[in-house]
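Structural overview for review
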Amino acid sequence: MAHKCDAIVVTCMDFRIQKYVQDWISKNLAGKTYDLIGYAGATKELDLVMEQISLSKDLHHINQAVLIHHEDCGAYGAEDSYERHVQDLNKAKNRILAKYPDLQVDLYYLYLSGKFEKI
Ligand SMILES: [Zn+2]
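Here's what I pulled together on the structure shown here. It should be emphasised that the depicted structure is a prediction, and the values quoted were computed from it without experimental measurement.

**Re the overall build of the protein**
- Secondary structure assignment for the protein yields three helices and five strands.
- Walking the protein from its N terminus toward its C terminus, one meets helices and strands in the order β-α-β-α-β-α-β-β.
- Its C-alpha atoms give the protein a radius of gyration of 13 Å, within 12% of the compact-globule value 14 Å for 119 residues.
- Referenced to the eigenvectors of the C-alpha coordinate spread, the extents of the protein come out at roughly 45 × 30 × 20 Å.

Shown next, in the form of C-alpha cells:
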C-alpha cells in the first residue's frame, strides 16, 4: 500500500546533537512526517546516503531533504572544518538535485551550542 512522507532528515549519529536535532525537527517540521537517517559524518559517505535518499524518494515520495552537518564531527577527524562541511553539504545537494530536481534540499551546519546555521 502506498504511503507518503514529507521529508528525509540526514544527520550524524553523534549523541551530542540528537536533542538539538529533535528540537529543530519539532519546530521546523511540525505536523510533517519524515524519514530519519543518522550516519557518522551525515552525508560524508555520499554513496550510502544517496541510496537511503533514493529509497525514501521511491518508497515514500518525499519532497524535501534536510541535511545537517555539525561542528567537531568525529567522522571527519583531522579534516573537520566549517569549510569542509559546507563543501560536502553543497556536494550532496548538487548530487541529490541532479537525480531529483523537484526535491527541496535544505542545508544546515549545527554548532555544539545548539545553534543551526542555514547554508
Ligand atoms: Zn558527527
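On we go from here.
**Comments concerning the packing of helix H2 (residues 46–60) against helix H3 (residues 82–99)**
- For the pair H2 and H3, interaxial distance at closest approach is 11 Å and the crossing angle is 45°. As summarised for this structure, H2 and H3 are arranged oblique, according to the angle between their axes. Read as a crossing pair, H2 and H3 show a hand that is right-handed. Two secondary-structure elements touch here, H2 through Leu 46, Val 49, Met 50 and Ile 53 and H3 through Lys 91, Ala 92, Arg 95 and Ile 96.
- Classifying every residue of the contact of H2 with H3 by side-chain character gives six nonpolar, no polar and two charged.

**A short note on the sheet that holds strand E2 (residues 34–38)**
- The strand order across the open sheet formed by five strands is E2-E1-E3-E4-E5, and the pairing between neighbours is mixed. The open sheet has two edge strands, E2 and strand E5 (116–118), and neither has a second partner. Pairwise comparison of adjacent strand axes, ignoring direction, gives a mean angle of 20° for this sheet.
- Judged from the seven bridges that link them, strand E3 (residues 64–70) and strand E4 (residues 104–110) form a sheet pairing that is parallel. Its bridge partner being in E4, Ala 65 is matched across the sheet by Val 105.

**A short note on unusual backbone geometry**
- Phi at Ala 42 takes a positive value of approximately 55°, unusual for a residue other than glycine.
- As for its position among the elements, Ala 42 is in the loop between E2 and H2.
- Judged by the 30 C-beta atoms lying within 10 Å of it, Ala 42 is buried.
- Residues other than glycine seldom take positive phi values, yet Asp 72 does so here, at roughly 60°.

**Digging into the pairing of E2**
- Pairing analysis gives five bridges linking strand E1 (residues 7–11) to E2, with the strands arranged parallel. Directly across from Val 10, in E2, lies its bridge partner Ile 37.

What counts, and at which threshold
- Residues numbered from 1 in each chain as written.
- Predicted model: local features only at pLDDT ≥ 70, side-chain atom pairs only at ≥ 80, totals over all residues.
- Helix = DSSP H or I, 4+ residues; strand = E, 2+ residues; numbered from the N terminus.
- Rg over C-alpha atoms; globule rule 2.2 N^0.38 Å.
- Axes fitted to C-alpha atoms, helices over the stretch in contact; angles between N-to-C directions.
- Parallel < 35°, antiparallel > 145°, perpendicular 65-115°, else oblique.
- Left-handed = near helix turned anticlockwise from the far one by under 90°.
- Contact = placed C-beta atoms within 7 Å.
- Nonpolar A, V, L, I, M, F, W, Y, C, P; charged D, E, K, R; others polar.
- Pairing = 2+ DSSP bridges.
- Buried ≥ 20, exposed ≤ 12 C-beta atoms within 10 Å, placed from the backbone.

By themselves these figures say nothing about function.
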